[in-house]
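# Structure assessment
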Amino acid sequence: MYRVHDRPDPAKVEALRGFLKGLGIGAPSAGSRRMEARQFTQIIAKAAGTAHEYLLGEAILRAQARAVYSPGNIGHFGLALERYAHFTSPIRRYADLIVHRALISALGLGEGGFANDGGGDLAAIGEHISTTERRAVECERDAVDRFIALYLADRIGASFPGRIAGVTRFGLFVTLDETGADGLVPIRTLGREYFDHDERRHCLEGRDSGTVYTLGDRVVARLVEANPVTGGMVFELLEHDGAANGPGAPNAGRKRPPGRS
């Protein structure tokens, strides 16, 4: 049972190339639609310590495929390994237990190996444990969101430094530095002008002011709502420095969203 990680979708790679070009960061030649793991590492290293570091890390992460379990080996792109399997304590993951049993059977180490069926339908098992892994991650995320919302419920009106962690057509998602809490800044609170959502550049851009809210920008946000039942939180931007856009960007140095007092 391998832990496999496929190559990024070529369309996402091309979108990433365009994004990097827009930031003035050189990307590997577009002559080949394939990119190697080392090239992603080089891009991250190039941005280390700059205003683009967080933004590029997120953009590269979102361009990647999802790692899954499978008996069909295609290698692990992210780790640049031809073969990779999980082999730690078998109480952690069922995939580890399968590998332990396979080795016991193959090396004749006694009891605890596969039965005569060779471990059953490994393809179906791989799909199942990949699904349950995603479900567990989602459950963990939901639980953390609820507990953080409960923790912050009595701090309505307080302001917190954070960073734009997501950009959508309906608003911005902000992650707070202090707690890692995530919440939505509805687009209607950004001002009275119309904002265009540029999915490729991961930003919202105001048609009148030219103000740009980009993934990775530093902000100060006021907590407006915190619902411990759903884990949802709503914020309002107080300050926005546009650091992720670099010097000379349209919103660089802007301290208050337009239309807000």
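The sections below set out a description of the structure shown in this document. (Residues numbered from 1 in each chain as written. Predicted model: local features only at pLDDT ≥ 70, side-chain atom pairs only at ≥ 80, totals over all residues. Heavy atoms only, no water.)

## A word on unusual backbone geometry
- A positive phi angle, near 55°, is found at Ala 80, a position not held by glycine.
- Along the polypeptide, Ala 80 turns up in the loop between strand E2 (68-70) and helix H4 (94-107).
- The class for Ala 80 is exposed, based on a relative accessible area of 61%.
- The phi dihedral of His 202 is positive, around 55°, even though this residue is not glycine.
- Tracing the backbone through its elements, the reader meets His 202 in the loop between strand E6 (195-198) and strand E7 (203-206).
- When its relative accessible area of 18% is taken as the criterion, His 202 is described as buried. (Helix = DSSP H or I, 4+ residues; strand = E, 2+ residues; numbered from the N terminus. Buried < 20%, exposed > 50% of the residue type's maximum accessible area, 1.4 Å probe, protein only.)

## Examining the packing of aromatic side chains
- Under the definition given, this model contains 3 aromatic pairs.
- For the ring pair Phe 40 and Phe 77, a centre distance of 5.9 Å and an interplane angle of 85° mean the geometry is edge-to-face. Taken together, the residues Phe 40 in helix H2 (residues 37-47) and Phe 77 in the loop between E2 and H4 connect sequence positions 37 residues apart. As far as burial versus exposure is concerned, Phe 40 and Phe 77 are alike and both buried.
- Both rings, one in Phe 170 and one in Phe 173, keep their centres 6.2 Å apart while their planes meet at 85°; by these two values the pair is edge-to-face.
- Note on Phe 170: relative accessible area 40%, which makes it partly exposed.
- The exposure class assigned to Phe 173 is partly exposed, which follows from its relative accessible area of 32%.
- Over the ring of Tyr 69 we find Arg 3, and its NZ or CZ is 4.6 Å from the ring centre. (Phe/Tyr/Trp six-rings, centres within 6.5 Å; stacked < 30°, edge-to-face > 60°. Lys NZ or Arg CZ within 6 Å of the ring centre and 35° of its normal.)

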